[in-house]
Amino acid sequence: MTSLRDLPSVEQLLQGATQLIETYGRPLTLDALRLALDEIRTRFRATPEAGLPSPDAILAQAASHLLAWTKPTLLPVINATGVILHTNLGRAPLSRAAVAAMKEAAEDYSTLEYDLEKGQRGSRLTHAEATLQKLTGAEAAVIVNNNASAVLLALAALAHKKRVVISRSQLVEIGGGFRVPDVMKQSQAKLVEVGTTNKIRLSDYQSAFEEPTALVMRAHRSNFKIIGFTEEPELGEIVEVAHQAGVPVLDDLGSGALLDTANYGFAHEPTVQESLAAGVDLVCFSGDKLLGGPQAGILLGKKDLIDKVRKHPLARAVRADKICLAGLTATLLHYLKDEPEREIPIWRMMSLTLDQLKVRAETWRAELGQGEVLKSESTVGGGSLPEECVSTYVLALNVGSPDKFLKKLRQASSPVIARTENDKVLLDPRTVLNDALLLRVLKGVLSS
Ligand SMILES: *Cc1c(COP(=O)(O)O)cnc(C)c1O
C-alpha cells in the first residue's frame with residue numbers, strides 16, 4: 001500500500017534540484033518544493049487510489065510554480081490595432097537612439113548631477129533644457145515624472161490658495177482619474193470657473209480678473225470635442241486680457257506636438273510653438289504622447305515662473321529619473337536634427353503613405369494565403385486628436401470565432417493585440433514594428 005510516508009523529503013528533492021536552484025535560487029526553490037508536496041498530500045488524501053507521483057514529476061510540478069512566480073508581467077506585445085498612442089500598450093515606442101541613451105544611463109554612473117568641467121555637483125535640471133530652449137525658444141524648462149505631475153506642480157507652486165481661472169469647457173477628465181478640478185484641489189489652488197460648457201467669452205475672463213488671480217489655466221480637450229453652438233476666444237486673446245490684468249497663463253497641451261499633425265493627414269493638434277507664440281507663460285505636455293519619447297512631463301516657459309516651480313518641495317517628489325532624462329534628451333535631438341519622421345517610431349507611423357500600408361497588408365495576405373486587404377482607419381489615440389482618424393489598409397481575416405481568435409493571438413508567445421469589425425479580425429500594418437514576427441505568430445495561430 002502506498003502511503004504518504006513514501007513521499008521523498010524536501011531535503012531529498014533538493015538534491016535533485018540543482019538546476020532549479022541555479023536558476024531560481026535556493027529559498028524560492030524550497031518554497032516551490034514545499035508547495036508541490038503540500039498539493040500532492042492534499043490530492044493523495046482525496047484520491048489515494050491515484051497513487052503518488054515520481055520524484056521527477058514532483059520536481060516538474062515545483063518547476064511550473066517557479067516559472068509562474070518569476071514570469072514577467074510587463075511583456076512586449078505587437079500592436080496591430082492601428083492606434084498609434086495606445087495608452088494601455090505603453091503609448092510611444094522609443095527611437096533606437098533613445099533606447100541606447102537609456103541603456104547607457106542605466107548601466108553605469110553618469111553626469112546626472114555632476115559638472116565634469118568644475119568637478120563638482122551639477123544639476124539634473126540642465127539635461128534636456130538646452131535642447132528644449134533651442135527647439136521652442138522657451139526661456140527655461142523643467143522635466144518631471146509625467147504631465148499630470150507637471151500640472152499639479154505648476155498649480156501648487158504658482159497658485160497655492162490663490163485663484164486659478166479656467167473655462168467651464170475645459171474642466172476635463174483625461175482618463176485614469178485625472179480630472180482638472182481634482183488636481184486643482186490637490187494643489188490647493190482655488191478653482192474659478194468662467195463661461196459655460198459651450199460658450200466662453202473674453203469678457204468672462206475679464207470679469208474674473210476683477211479679483212486678484214494667480215493664474216489662468218487652459219486645458220486642451222484631448223479626448224473629446226465640443227461641436228454645435230459654441231464660442232471660445234483664441235488663446236492669444238485670452239493671453240492678452242490675462243496679461244493686461246497681470247495674470248500669467250498656463251497651457252496644459254496634453255500631447256504637446258512639436259510637429260504639425262496636419263502635415264500627415266491628421267487633424268491639427270495644437271503645437272508647443274503655437275502656444276508660446278500666442279504668448280503663453282508656461283506650457284506643459286507629456287513626453288510619451290506626440291513627442292514620442294519616454295514617460296515624462298515637460299514644463300517650459302518664462303524663467304521666473306520655472307524657477308518658482310523648481311524651488312517648490314513637490315518638484316523633488318515628482319522629478320524625472322536619469323533614464324527618462326537620457327531618453328527624452330535623445331528624442332528631442334531628433335527634432336533638432338530634423339529627423340523625427342525617420343527616427344521616432346510614432347512619427348514614422350504617422351508619415352506612412354497609403355501605398356506603403358497597402359503593400360504591407362498585401363504582403364501579409366500573400367504570406368498567409370488568406371484574408372482580404374480592406375481600407376480602414378488608424379487613430380492617434382492616447383488623448384490626442386479625439387475622433388480623428390486617418391486612412392489605412394488592413395488585412396481582414398475571416399475566422400470562425402473572432403473573439404476566440406483574438407484570445408489566441410493574445411496568448412501567443414509574442415502576444416498580438418488586434419481588433420474586430422463586422423466579425424472580421426483586422427490587422428493594421430501602421431502600428432506593427434516587426435512584420436516578420438507578426439507573420440510568425442499569425443501562421444502559428446492559424447494552423448493551430
Ligand atoms: C494626457 C494628458 C494629461 C496627463 O498626462 P500624463 O503624461 O499622462 O500624466 C494631462 N492633461 C492633458 C490635457 C492630457 O491630454
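Cut-offs used in this document
Sequence order sets the numbering: in each chain, residues are counted from 1 along the sequence as written. For a predicted model such as this one, the threshold for reporting local features is a pLDDT of at least 70, and the threshold for listing and counting side-chain atom pairs is 80 or more; totals across whole chains, interfaces and linings nevertheless cover every residue. Hydrogen atoms and water are omitted, and side-chain values are computed over all heavy atoms in the structure. Axis geometry follows a simple rule: fit a line to the C-alpha atoms, using only the stretch in contact for helices, then measure angles between N-to-C directions, giving values from 0 to 180 degrees. Segments assigned H or I by DSSP are reported as helices when at least four residues long, segments assigned E as strands when at least two residues long, and all are numbered from the N terminus. Note on angle classes: values under 35 degrees are labelled roughly parallel, values over 145 roughly antiparallel, values of 65 to 115 roughly perpendicular, and the remainder oblique. It is the rotation of the near helix from the far one that decides the hand of a crossing: anticlockwise by less than a right angle makes it left-handed, clockwise makes it right-handed. In what follows, a contact means two residues having at least one pair of non-hydrogen atoms within 4.5 Å. Following the grouping adopted for this structure description, the nonpolar residues are Ala, Val, Leu, Ile, Met, Phe, Trp, Tyr, Cys and Pro, the charged ones are Asp, Glu, Lys and Arg, and the polar ones are all others, Gly among them. Burial classes follow relative accessibility: with a 1.4 Å probe on protein chains only, a residue under 20% of its type's maximum area counts as buried, one over 50% as exposed, and anything between as partly exposed. We call a residue near a molecule or strand when any one of its heavy atoms sits within 4 Å of it. Residues adjacent in sequence count toward polar contacts only when both atoms are side-chain atoms; beyond that, a polar contact is any pair of N or O atoms within 3.5 Å, and within protein one must be able to donate a hydrogen and the other to accept it. Reported accessibility uses the Shrake-Rupley method at a 1.4 Å probe radius. Residues are deemed covered only where the shown protein chains occlude them. Salt bridges are defined by distance alone: a side-chain nitrogen of Lys or Arg within 4 Å of a carboxyl oxygen of Asp or Glu. Aromatic pairing here means that ring centres of Phe, Tyr or Trp (its six-membered ring) are within 6.5 Å. Orientation follows from the plane angle: under 30 degrees is stacked, over 60 is edge-to-face, and everything else is tilted. By definition here, charges over rings are those cases where NZ of Lys or CZ of Arg is within 6 Å of the ring centre and within 35 degrees of the ring normal. Note on pairing: DSSP must find at least two bridges between two strands before they are called paired. Only buried Ala, Val, Leu, Ile, Met, Phe, Trp, Tyr and Cys residues count toward a nonpolar core, and they belong to the same one when joined by side-chain atoms within 4.5 Å. An automatic or database domain assignment supplies the start and end points of every domain.

**Digging into the packing of helix H18 (residues 402-411) against helix H19 (residues 435-447)**
Contact geometry of H18 with H19 gives a least axis separation of 10 Å together with a crossing angle of 130°. Regarding the angle of H18 to H19, the classification is oblique. As for the relative orientation of H18 and H19, their crossing is right-handed in sense. Taking contact as the criterion, the partners of Phe405, Lys408 and Leu409 in H18 are, on H19, Val441, Leu442, Val445 and Leu446. A per-class count over the contact of H18 with H19 returns six nonpolar, no polar and one charged.

**Focus on the environment of Gln186**
Tracing the sequence through the fold places Gln186 in helix H8 (residues 180-187). The class of Gln186 is exposed, set by a relative accessible area of 63%. Linking Gln186 and Leu153, residues 33 residues apart in sequence, is a C-alpha distance of 9.9 Å.

**Considerations on the site of the ligand**
Near the ligand there are 13 residues, and of these Ala148, Ser222, Asp252, Ser286 and Lys289 occur at the shortest range. Between the ligand and the protein, one listed contact pairs an oxygen atom with a side-chain N or O atom of Asn146 at 3.4 Å. Interatomic distance of 3.0 Å between a backbone N/O atom of Asn147 and an oxygen atom of the ligand. Compared with its free state, where it exposes 380 Å², the ligand has 94% of that area covered by protein. Elements with a minimum of two residues in the shell around the ligand: helix H7 (147-159) and strand S10 (249-254). Tallied by class, residues from the shell around the ligand come to three nonpolar, seven polar and three charged.

**What about the pattern of salt bridges?**
Where charged atoms from two side chains of opposite charge approach closely, those side chains can pair. For the structure shown, the criterion picks out 24 salt bridges. In this structure, Glu231 and Lys199 form a salt bridge, with 3.4 Å as the shortest nitrogen-oxygen distance. With Glu231 in the loop between strand S9 (215-219) and helix H10 (235-244) and Lys199 in the loop between strand S8 (190-194) and helix H9 (202-208), this residue pair connects regions lying 32 residues apart in the sequence. Under the relative-accessibility criterion, Glu231 is labelled partly exposed at 32%. Close ionic contact of Lys303 with Asp307 constitutes a salt bridge, the shortest N to O distance being 2.9 Å.

**Digging into the packing of aromatic side chains**
A full pass over the atoms with the stated rule returns one aromatic pair. One Lys or Arg, Lys199, reaches over the ring of Phe229 and ends 3.8 Å from the middle of that ring.

**Concerning the pairing of strand S4 (residues 140-144)**
Counting buried residues along S4, five of its five residues qualify, which places the element largely inside the surrounding structure. The side-chain alternation of S4 yields two buried faces, one formed by Ala140, Val142 and Val144 and the other by Ala141 and Ile143. Judged from the five bridges that link them, S4 and strand S12 (residues 297-301) form a sheet pairing that is antiparallel. Residue pairing for S12: Ile143 is matched across the bridge by Ile298.

**Observations regarding the sheet that holds S12**
Strand pairing in a sheet relies on backbone hydrogen bonds, with the paired strands running either antiparallel or parallel. A sheet is described by the order of its strands in space; here seven strands give the open sequence S4-S12-S11-S10-S9-S5-S8, paired in mixed fashion. If you trace the sheet from one side to the other, it starts and ends with S4 and S8, each paired once. The mean inter-strand angle of the sheet, taken between neighbouring strand axes irrespective of direction, is 20°. As defined by bridge partners, S9 adjoins S10 across four bridges and the pair is classed as parallel. For Val216, the partnering residue across the bridge sits in S10 and is Val249.

**Some words on the environment of Pro313**
Tracing the chain through its elements places Pro313 in helix H13 (residues 313-317). Classification of Pro313 as exposed rests on a relative accessible area of 66%. Along the primary structure Pro313 and Ala156 are separated by 157 residues, whereas in three dimensions their C-alpha atoms are 9.6 Å apart.

**Here we look at the nonpolar core**
Of all hydrophobic cores here, the largest spans 53 residues; its most connected members are Ile143, Tyr205, Val216 and Leu300. Here this core gathers at least three residues from each of two domains, domain 2 (78-86 + 346-447) and domain 3 (94-343). Grouped together as the second largest cluster of nonpolar side chains are 32 residues, Ala157, Val172, Ala214 and Leu305 included.

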